[in-house]
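# Per-entry structural report
Given next are the chains, with one letter for each unit.
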Amino acid sequence: MDLHAIRQDYSKQELSEAQCLADPIEQFELWLNEAMAAQVNEPTAMNVATVGADNRPTNRVVLLKEVNPQGFVFFTNYASRKGQALAQHPFAALTFFWPELERQVRIEGQVFRLPEHESDAYFASRPYTRVGAWASEQSQPIANKAVLVARAAMFGARHPLKVPRPPHWGGYVVRPDRVEFWQGRPSRLHDRVCYVLADGAWQKMRLAP
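Now for a look at the structure at hand. (Residues numbered from 1 in each chain as written. Predicted model: local features only at pLDDT ≥ 70, side-chain atom pairs only at ≥ 80, totals over all residues. Heavy atoms only, no water.)

For the rest of this paragraph, the subject is the pairing of strand 7 (residues 169-183). With respect to burial, strand 7 is a largely interior element, twelve of its 15 residues being buried. Two elements, strand 4 (residues 71-77) and strand 7, share six bridges in a ladder whose sense is antiparallel. Bridging from a neighbouring strand, Phe 75 pairs with Gly 171 of strand 7. Relative to strand 7, strand 6 (residues 103-113) runs antiparallel, the two being bridged by eleven bridges. Paired with Ile 107 across the strands is Val 179, a residue of strand 7. Here six bridges tie strand 7 to strand 8 (residues 191-198), and the two strands are oriented antiparallel to one another. From the neighbouring strand, Arg 178 faces strand 8, where its bridge partner is Val 196. (Buried < 20%, exposed > 50% of the residue type's maximum accessible area, 1.4 Å probe, protein only. Helix = DSSP H or I, 4+ residues; strand = E, 2+ residues; numbered from the N terminus. Pairing = 2+ DSSP bridges.)

A few words now on the environment of Ser 80. Here Ser 80 lies in the loop between strand 4 and helix 2 (81-88). Accessibility expressed as a relative area gives 0% for Ser 80, which makes it buried. Taking the C-alpha atoms as reference points, Ser 80 and Gln 140, separated by 60 residues in sequence, lie 7.8 Å from one another. The residues touching Ser 80, leaving out its near neighbours within four places in the chain, are Gln 138 and Ser 139. (Contact = heavy atoms within 4.5 Å.)

With 31 residues, the main nonpolar core has Phe 28, Phe 72, Trp 98 and Val 105 as its most contacted residues. In terms of residues, this core owes the most to one element, helix 1 (residues 24-37), which gives five residues. By size, the runner-up hydrophobic cluster in this structure holds nine residues, among which are Leu 114, Phe 123, Val 163 and Val 173. (Core = buried A, V, L, I, M, F, W, Y, C linked by side-chain atoms within 4.5 Å.)

A complete count under the given rule lists nine salt bridges for this structure. One salt bridge connects Glu 17 with Arg 206, and the closest N-O pair in it is separated by 3.4 Å. With Glu 17 in the segment before helix 1 and Arg 206 in strand 9 (residues 201-207), this pair connects stretches of sequence that are 189 residues apart. Accessibility expressed as a relative area gives 29% for Glu 17, which makes it partly exposed. When the shortest N-O distance is used, the salt bridge between Arg 103 and Glu 34 registers 2.6 Å. One end of the pair, Arg 103, is in strand 6; the other, Glu 34, is in helix 1, and 69 residues separate them in sequence. (Salt bridge = Lys/Arg side-chain N within 4 Å of Asp/Glu carboxyl O.)

A few words now on the pairing of strand 9. Two elements, strand 8 and strand 9, share seven bridges in a ladder whose sense is antiparallel. Within the sheet, the bridge partner assigned to Val 193 lies in strand 9 and is Arg 206. Here strand 8 folds back onto strand 9 in antiparallel fashion, the turn holding two residues, of which Asp 199 has a positive phi close to 55 degrees.

Okay, the packing of aromatic side chains next. For the structure shown, the criterion picks out 14 aromatic pairs. Where Trp 31 meets Phe 181, the ring centres are 5.2 Å apart and the plane angle is 85 degrees; that geometry is what we call edge-to-face. Placement of Trp 31 in helix 1 and of Phe 181 in strand 7 is noted, with a sequence separation of 150 residues between them. Of the residues examined, Phe 181 reaches a relative accessible area of 0% and is grouped as buried. An angle of 15 degrees between the planes, with centres 5.5 Å apart, marks the rings of Phe 75 and Trp 169 as stacked. Remark: Trp 169 occurs in strand 7 and Phe 75 occurs in strand 4; sequence separation between them is 94 residues. (Phe/Tyr/Trp six-rings, centres within 6.5 Å; stacked < 30°, edge-to-face > 60°.)

On their own, these measurements won't tell you what the molecule is for.
Pasting the structure below:
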């Protein structure tokens, strides 16, 4: 397979430090809104990288559920592989890629569990498929799909109307200390603007591509 044949030269937009807002979370919200307006496929999909107890990195794609002044929020099973990794090393790196806009955002920061009442509120807003949070022992081996289906039926019967949040399921917020905005440019001379949190204030700089 000739992978060189599928290379693209990016040229849609450019990015400068002056264009970027002072707060990277506000800048992210601006770009996210533009991605949604452009009907980017899965604009809230993000790669979440963690480090486990064995000090080896691992990653997976998760959906961003909220961005606020505190950071970036997602939900998962605390006993999953990512949950266990965050218990050992409470730091994560997030990556968003919006190819339609030739943009990428990279975020690094410390991870904190959301308060239980916030996880309860989000869980209650989910459709009835939230029974899956009870049925799936996420990341654990199972004999076959029938085991999962049977567990879903069991918990569905146990909670026919209102499904409470499982104690092993909830939210995390990534509080960033480094955020980079990447805009594709011709000849691989991409624009990169990076924010670094130092002494409680954001510092902004341009990086070489």
